[in-house]
Every structure is written in C-alpha cells, then in structure tokens.
Amino acid sequence: MKRSTDQILTSHVGSLPRPAELLAKYKKGASEDDLADDLRQAVADVVKRQQDVGIDIVNDGEYGKPMSDAVDYGAWQEYAYGRVDGYEVRDAQLSDFSVSRDFVEFSDYYGTPEAAVASDPDAPVHIGVNVGPVSYARHDLISRDIANLTAAVGGEADAFLSSMGTGAEAFQLPSEHYATGEEEMVAMAEAMRDEYKAITDAGLIVQIDDPWMVDQFGVKYSHDWDVAGYREWAERHVEIINHSLEGIPSEQIRFHICWGSWKGPHSSDLPLSDVVDLALKVNADLYSVEAANPMHEHEWHVWEDTKLPENKIIMPGVVTHKTNVLEHPDVVADRIVRYAELVGRENVIAGTDCGMGGRIHPDIAWAKLKALVDGAEIASKRLWP
C-alpha cells in the first residue's frame, strides 16, 4: 500500500458517477453479456478520468455493482445479493427494517421534497432476505471486475476494489434460515472472504465498506442501545470482520466507516471517539473516516488522544457528498494538515467522506475530486517545505 512519502496522496471511497448509458442499461435489466463491452469501456474511461484529475489511488467507480429502479439503499451492499447463495431479494420499505432516530426527530423535514428520497421510510427498496445457507457463488463476476480494473490501470498496483463488509445483512429483515443475526454474520464473513481474497490475490487493494460499525447506533428499531451496550456489539462485530479477513495481508486492506449517505441533520450520529479504539482493531492498514461534513469535521481532535497504530494510515474525508457546496482547496488543505500534524504526514492519504456516485450531481462530484487534489497539493507544500 502506497504511503505519502514526499507528498499527500489522494484517493476516494469508491462509488463514482456512472455514464447515463450504462446506468440506463442496468435499470432496463440488460444481461451480463450485453453489458460486458460497455462495462469494460466505462471502467477504462473512469480510471482515466480519475488519473487525469490527479487521483493517485483509483478504482473502477464501482461500475460492476448494479443499481435498481428502487431507492439506491446502497449498491455497495445490494450487489452482494446476486453473488452469494442463500438470499432472496424482496420488495420492502425502509420502515420495515430500519428507521433512523434522525428520521423520527426531523420527520417534517423528511417529508419534504428537499429530503433525499432514500430517507423516506415509505419508499420502496430491494432487500435480501436470508433463506438458506450462505456461500459465495459468482466468482465469475468478481473476476470480471478484477479484469476490467487491472486492464484499465495497466499494472497500477495500488488500485482498489470495494467490497461489502459482513455485518449489513444481519441488521435488515430477520433471517429465515439462521437462528441469530450473529450466525448470519459469521456465515456472510466466510462467504465474502472469497471475494476479498480474489481481489487481493490479483494484487489489488480490497476496501471493506462497513458503515454499520458506527451507523447502527442511530437506527431506531430492534435495539435501544446505550454506548456501553453498543460497544459490546461493536467489539463482537470487529471479531467477525477479522474472521472474514483471515489469510489476507493487512497491507492490502482498507477499512471504511461512515454515518450513512443520506442528506439530513444526522443528529443521532455516534461520536467516533466512542468506538475508535475498536475500529482500529480491524486487521487493515488504512482506515477511512468522515472528516468534512459538519457533524464530524471536528473529530480530528480524536487523534489528539488516540494514537494511530504504527505503520497504519488514516484517510480522512476532506470533501463531502453531503452538500452541493464546493470545498475551496485551502479548506481542503487545512483539513489535511490538521491530521498530518497529529498522526504524521506519511500516515495520511486524503479522501472523501463516502462514495460520490448517485449521491451528488456528477459535475459537482468531479469538481470536488479536483478540489481534493488541489487541496492535497497545497497541503504537501506546507508539510514538505
């Protein structure tokens, strides 16, 4: 995994704006064969665009993960339903399985057109229900994604593919096969290891997307945790994540947490300080956290009291998808420097709060990535005078 040895490197969390033609074909239900050439070219194009903008550590934009006509509750996890056996996709509503405390406190806001449709508890979503033993089935699809990315980067060793963390399924509709959510999580961990290993065996970096590590605290449904109770769950959650990563070198693993991608107050977000020690136990060399949206920008202070383990990297999100306001490069630089002064400049890679695709207008998303690169250049001059 590259480090910022003489300048601040840049990357992002994963999802990037998709070409309208590719998105239209996904939504029309085009077959994998019909999509193959378009997907291969789209990945090549998005890799080149990242490189042209100046992003150092690129990915495939998550283009191999389809989006549906229902609410994009998250292609980051929905794609897995088509890659593992043991799940049946059903239509549901957000209110069937999770309602954020934020949605309850600001219900009037979430009923207005200004709120993202994905925050509407009555909006339709596609949800995977566990109906049988879980195992990884579609090795051909992850092989396709690996081949498309490796061809596009032309040997770039530090390209990455993002992959679903193991905890999401256990906090949706109840399993109809496993007796407990934990049993389902362990089964998913063992299944998803196939995907993680395929990515890393190909010489790429795997990013484990796990917003549930912190986001679950704000969900008001089957649990009513205090922080102590939540930490008990989170500690076991980390053990299961590490179980899924067994046999994979930590230098090929990035771990991403965030507090949900919807645009809203986020009044019930769990402070990073409450679980940062547990997150750092995940067997990864890089930890990606939100650092630009107003609910979490102040959390650079966490690193005044928390020591980043030796040889680990923090990737703070220094631009965010949660607002259409474009960050000034000097603001981006200030955010980067705060982290660098606390954990060491070589231990910082500048990133985004979360994926930019599908959550913000494409023109703004790419402008934010350019601001990220420009801000990193300013910060590098300050940190390597």
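**Focus on the overall build of the chain**
Part 1 of the argument: A tally of helices and strands in the chain yields 14 helices and 9 strands.
Part 2 of the argument: Across the chain, contacts joining residues at least 24 apart in sequence account for 85% of those joining residues at least 6 apart.
Part 3 of the argument: Here the chain has roughly 15200 Å² of accessible surface; of this, 50% comes from carbon and sulfur atoms.

**A few points about the side chain of Gln252**
Part 1 of the argument: With respect to the helices and strands, the residue Gln252 is situated in the loop between α10 (227-244) and β6 (253-256).
Part 2 of the argument: Gln252 has contacts with Met1, Thr200, Gly203, Leu204, Ile205 and Val206, leaving out every residue within four places of it along the chain.

**Overview of the sheet that holds strand β5 (residues 205-209)**
Part 1 of the argument: Across the sheet, 7 strands lie side by side as β1-β9-β8-β7-β6-β5-β4; this open sheet has parallel pairing. Every other strand in the sheet has two partners, leaving β1 (9-10) and β4 (160-164) as the edge strands with one partner each.
Part 2 of the argument: Relative to strand β8 (residues 313-319), strand β7 (residues 286-290) runs parallel, the two sharing 5 bridges. Bridged to Ser288 within β8 is Met315.
Part 3 of the argument: Sheet strands in contact with helix α13 (residues 329-343) are β8 and β9 (349-352), and its direction is about 160° off that of β8.

**Quick word on helix α7 (residues 139-153)**
Part 1 of the argument: Compared with the 21 Å implied by 1.5 Å per residue over 15 residues, the 21 Å span of α7 between its first and last C-alpha is a close match.
Part 2 of the argument: When we look at burial in α7, the residues that qualify are Leu141, Ile142, Asp145, Ile146, Asn148, Leu149 and Val153. Buried residues of α7, seen end-on, are gathered within an arc of 165° and therefore sit on one face of the element.
Part 3 of the argument: Directly beyond the C-terminal end of α7, a positive phi value near 65° is found at Gly154.

**Brief notes about the packing of aromatic side chains**
Part 1 of the argument: For the structure shown, the criterion picks out 3 aromatic pairs.
Part 2 of the argument: The residue whose ring lies beneath Arg254 is Phe160, and the NZ or CZ to ring-centre distance is 3.8 Å.

**Brief notes about the pairing of β4**
Part 1 of the argument: Counting buried residues in β4 gives 5 out of 5 residues, a clear majority hidden from the surface.
Part 2 of the argument: The side-chain alternation of β4 yields two buried faces, one formed by Phe160, Ser162 and Met164 and the other by Leu161 and Ser163.
Part 3 of the argument: Of the pairings in the sheet, the one linking β4 to β5 comprises 5 bridges and is parallel in character. What sits directly across from Met164, in β5, is Asp209.

**Quick word on the nonpolar core**
Part 1 of the argument: One finds Met213, Phe255, Trp303, Ile314 and Ile336 to be the most contacted residues of the largest nonpolar core, which totals 93 residues.
Part 2 of the argument: By residue number, the principal contributor to this core is helix α14 (residues 362-383), which donates 8 residues.
Part 3 of the argument: For Ile314, the contacting residues outside a window of four places in its chain are Tyr287, Val289, Trp303, Leu308, Tyr339, Val343, Asn347, Val348 and Ile349.
Part 4 of the argument: Counting residues in hydrophobic clusters, the runner-up holds 9 residues, among them Leu9, Phe160, Ile313 and Met315.

**Things to note about the side chain of Asn347**
Part 1 of the argument: Topologically, Asn347 is positioned in the loop between α13 and β9.
Part 2 of the argument: A distance of 2.3 Å separates a polar atom in the side chain of Asn347 from a polar atom in the side chain of Arg3.
Part 3 of the argument: Setting aside residues up to four positions removed in sequence, Asn347 forms contacts with Arg3, Leu308, Lys312, Ile313 and Ile314.

**Considering the pattern of salt bridges**
Proximity of charged atoms lets side chains of opposite charge pair with each other.
Part 1 of the argument: Inspection of the entire model under this criterion finds 23 salt bridges.
Part 2 of the argument: In this structure, Asp140 engages Arg138 in a salt bridge whose closest nitrogen and oxygen atoms are separated by 2.7 Å.
Part 3 of the argument: Given a relative accessible area of 43%, Asp140 falls into the partly exposed group.
Part 4 of the argument: Close ionic contact of Lys370 with Asp374 constitutes a salt bridge, the shortest N to O distance being 2.8 Å. Of this pair, Lys370 and Asp374 are both found in helix α14, 4 residues apart, which corresponds to roughly one turn of the helix.
Part 5 of the argument: For Lys370, a relative accessible area of 39% corresponds to the partly exposed category.

**Some remarks on the packing of helix α2 (residues 32-53) against α14**
Part 1 of the argument: Axis separation between α2 and α14 bottoms out at 9 Å; the angle between their running directions is 40°. The pairing of α2 with α14 is recorded here as oblique in orientation. Facing α2, whose interface residues are Val46, Arg49, Gln50 and Val53, α14 presents Trp366, Leu369, Lys370 and Val373.
Part 2 of the argument: Taken together, the residues that form the contact of α2 with α14 break down as 5 nonpolar, 1 polar and 2 charged.

Definitions and limits used
- Residues numbered from 1 in each chain as written.
- Predicted model: local features only at pLDDT ≥ 70, side-chain atom pairs only at ≥ 80, totals over all residues.
- Heavy atoms only, no water.
- Helix = DSSP H or I, 4+ residues; strand = E, 2+ residues; numbered from the N terminus.
- Contact = heavy atoms within 4.5 Å.
- Areas by Shrake-Rupley, 256 points an atom, 1.4 Å probe, with all protein chains shown as cover.
- Pairing = 2+ DSSP bridges.
- Axes fitted to C-alpha atoms, helices over the stretch in contact; angles between N-to-C directions.
- Expected span 1.5 Å × (residues − 1).
- Buried < 20%, exposed > 50% of the residue type's maximum accessible area, 1.4 Å probe, protein only.
- Arc of directions from axis to C-beta.
- Phe/Tyr/Trp six-rings, centres within 6.5 Å; stacked < 30°, edge-to-face > 60°.
- Lys NZ or Arg CZ within 6 Å of the ring centre and 35° of its normal.
- Core = buried A, V, L, I, M, F, W, Y, C linked by side-chain atoms within 4.5 Å.
- Polar contact = N/O pair within 3.5 Å; in protein donor to acceptor, adjacent residues only side chain to side chain.
- Salt bridge = Lys/Arg side-chain N within 4 Å of Asp/Glu carboxyl O.
- Parallel < 35°, antiparallel > 145°, perpendicular 65-115°, else oblique.
- Nonpolar A, V, L, I, M, F, W, Y, C, P; charged D, E, K, R; others polar.

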